[in-house]
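An overview of the molecular structure
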Amino acid sequence: MVKVKDLKWKQDMRVSELVDSYEFIGFQSVELQRASEVIVKMKKDSAKVFLTFTSNMVTSGLRGFFAQLIELGIADVIVTTVGGLEEDIMKATGEDFQIGSFQTDDVELHEKGINRVGNLLIKNESYMNFESLIERMLKKLYEKQKRWAVSEMLREIGLMLDDENSILYQAAKNDVPIFCPAITDGAFGFHLYLFQQDHPDFMVDVVKDFGNILFASSFDDRKGVIALGGSISKHHAILSTLLNGGAEYAVYMTTAHRTSGSMSGANTNEAKSWGKVKDESDVATVIGDVSITFPLAMIHALDELAEDGLLKSLKKSNEDSGVVK
C-alpha cells in the first residue's frame, strides 16, 4: 500500500519532480506516473517499442515531439493514420496551422476555406499545396519502381524532406519504419487513386506491409507498445505483437472509456484476454487528453533515460564531444 501525500509546489519545480509526486496523489495521476515508469522499463529492457498515434496529434504541436522521440531512439516502429502523414508533409514544407476555438462558427470557416480539427485550423490552401507536392513525389517514386509496400514508400518520401521536426524525415534518417494500414483514408489515398488512373502499373501493396510489420519484431524479442489514442494505428501494432507472442510492456493513453467496447477504449487488461499483452506484463492505461498526459509522462521518462545514457542522439553527441557517461 502507498500512502497518500499532499502535493506541494516549490519554486523552479521540474517536470520530473511533479510527475514523481503523482504516485502519491491518487486517481489518474497515479496511472500517469506508472505509465512513465513502464516506458523507462521497456527501454532499459531493450524492448522493441511500437509507438502509435492518430493523425489529430500530428495536427497539434506534438508532431515535433514525436520526431524528436524517433531521433532519441525511443521508437523502433511507428504506426499511424494517413492524416498525420499528410500534415507532417505539409508542415515540413512550410504550411502553418493555427489555434482557433472549439466554439467557432463552422459555416463561416467553411466559407473562408478553413477546416477545423478541434480547436486547430487548417487552410484549404495547405491541401492544395500538398496536392501539387504529392504529385511530384509520386512521379519520383514511379520512376524508381512501380510497386511499393506502404512503409517502403513512406521511407522514400521521408528522404525527400528536409525538416528536423518531421516524423517522416526522422524515421527515414534513423531507419524506423512507419506503417499506415489505412493509407487510402485521406487526401493521400485520393491522390494515389488519381495517380494510378494515369499509371495503371503503379501499385501500393498494403498486404506486403502486413508481413513487414510482422517481421519488424520476432517471438523472441521483448516488445513494448505506447499507444496514444486508438483506432487502426493502435490495433495494427498490438495485432502484430499478438502474432509474435504478445507484448511485455504496454502504455495506453486515451480519452475513450472501456465501457464503449471500442478499440480506442480497450484497456491493457482487455488486451491480455486476446494475448496481445502478456499476462505478466508491465502495463498502464491513462484516461485523459494525450496533449497533456503524454508530454508529462514522456519528459519524466526522458530525464531518467538521459541520466542513464540511454538516449540515442544524446549518447552520440556525448561520444563525439569526448564526454564519458
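The structure we're discussing is the one just above.
As the structure is a computational prediction, the values presented were derived from the model and not from experiment. Residue positions are counted from 1 within each chain, in the order its sequence is given. Only residues with pLDDT of at least 70 are given local features in this predicted model, and only at 80 or more are side-chain atom pairs given and counted; all residues enter the totals for whole chains, interfaces and linings. The basis for every side-chain value is the complete set of non-hydrogen atoms in the structure, without hydrogens or water.

Section: the overall build of the protein chain
Threshold: For helices the rule is a DSSP run of H or I covering at least 4 residues; for strands it is a run of E covering at least 2, with both sets numbered from the N terminus onward. Note on method: radius of gyration uses C-alpha positions; expected globular size equals 2.2 Å times residues raised to 0.38. Relative accessibility under 20% of the residue-type maximum defines a buried residue, over 50% an exposed one, and the middle range a partly exposed one, all with a 1.4 Å probe and only protein chains included. Whether two residues touch is decided by their heavy atoms; if any such pair falls within 4.5 Å, the residues are in contact. To be clear on the numbers: accessible area is Shrake-Rupley with a 1.4 Å probe, and residue cover counts the displayed protein chains and nothing else. Charge counting treats Lys and Arg as positive and Asp and Glu as negative, with His and both chain ends excluded. A single reference atom marks each charge: NZ on Lys, CZ on Arg, CG on Asp, CD on Glu.
Scanning the protein chain from N- to C-terminus turns up 15 helices and 11 strands. The globule rule puts the C-alpha radius of gyration for 325 residues at 20 Å, and the 20 Å found for the protein chain is close to it. Each of the three principal axes of the protein chain carries a C-alpha extent, and together these read 65 × 50 × 50 Å. By the burial criterion, 49% of the 325 residues in the protein chain qualify as buried. Intrachain contacts of the protein chain at a sequence separation of at least 6 include 74% that bridge at least 24 residues. Summing over all exposed atoms, the protein chain offers an accessible surface of approximately 16100 Å²; the carbon and sulfur share of this is 52%. The positive charge centre, built from 35 side chains, and the negative charge centre, built from 48, are 4 Å apart in the protein chain.

Here's the deal with the pattern of salt bridges
Put simply, the rule is: Criterion for a salt bridge: a side-chain nitrogen of Lys or Arg within 4 Å of a carboxyl oxygen of Asp or Glu.
This structure, assessed with the given rule, holds 20 salt bridges. Linking Asp 303 and Arg 14 is a salt bridge whose minimum nitrogen-to-oxygen distance equals 3.1 Å. Taken as a pair, Asp 303 in helix α14 (residues 290-307) and Arg 14 in the segment before α1 (15-22) lie far apart in primary sequence, 289 residues in all. Here Lys 41 makes a salt bridge to Asp 282, at a shortest N to O gap of 3.8 Å. With Lys 41 in helix α2 (residues 27-44) and Asp 282 in strand β11 (residues 277-287), this residue pair connects regions lying 241 residues apart in the sequence. A relative accessible area of 33% places Lys 41 in the partly exposed class. Within this structure, Arg 34, Glu 37, Lys 41 and Asp 282 form a network of salt bridges that share partners.

Notes on helix α7 (residues 124-144)
Under the convention used in this document: Take the residue count of a helix, subtract one, and multiply by 1.5 Å to get its expected span.
Taking 1.5 Å of rise per residue, the 21 residues of α7 would be expected to cover 30 Å, and the 31 Å separating its terminal C-alpha atoms lies within 8% of that figure. Those residues of α7 that fall on the buried side of the exposure criterion are Ser 126, Phe 130, Leu 133, Ile 134, Met 137, Leu 138, Leu 141 and Tyr 142. Where α7 is buried, its residues touch α5 (82-92), β5 (120-123), β6 (147-149), α8 (150-160) and α10 (187-198).

Some thoughts on unusual backbone geometry
At Phe 27, a residue that is not glycine, the phi angle is positive and equals roughly 55 degrees. Position of Phe 27 among the secondary structure elements: in helix α2. Look at Phe 27 and you get exposed, because its relative accessible area is 82%. The residue Ser 231 is not glycine, and still its phi comes out positive at about 60 degrees. Positionally, Ser 231 belongs in helix α12 (residues 231-242).

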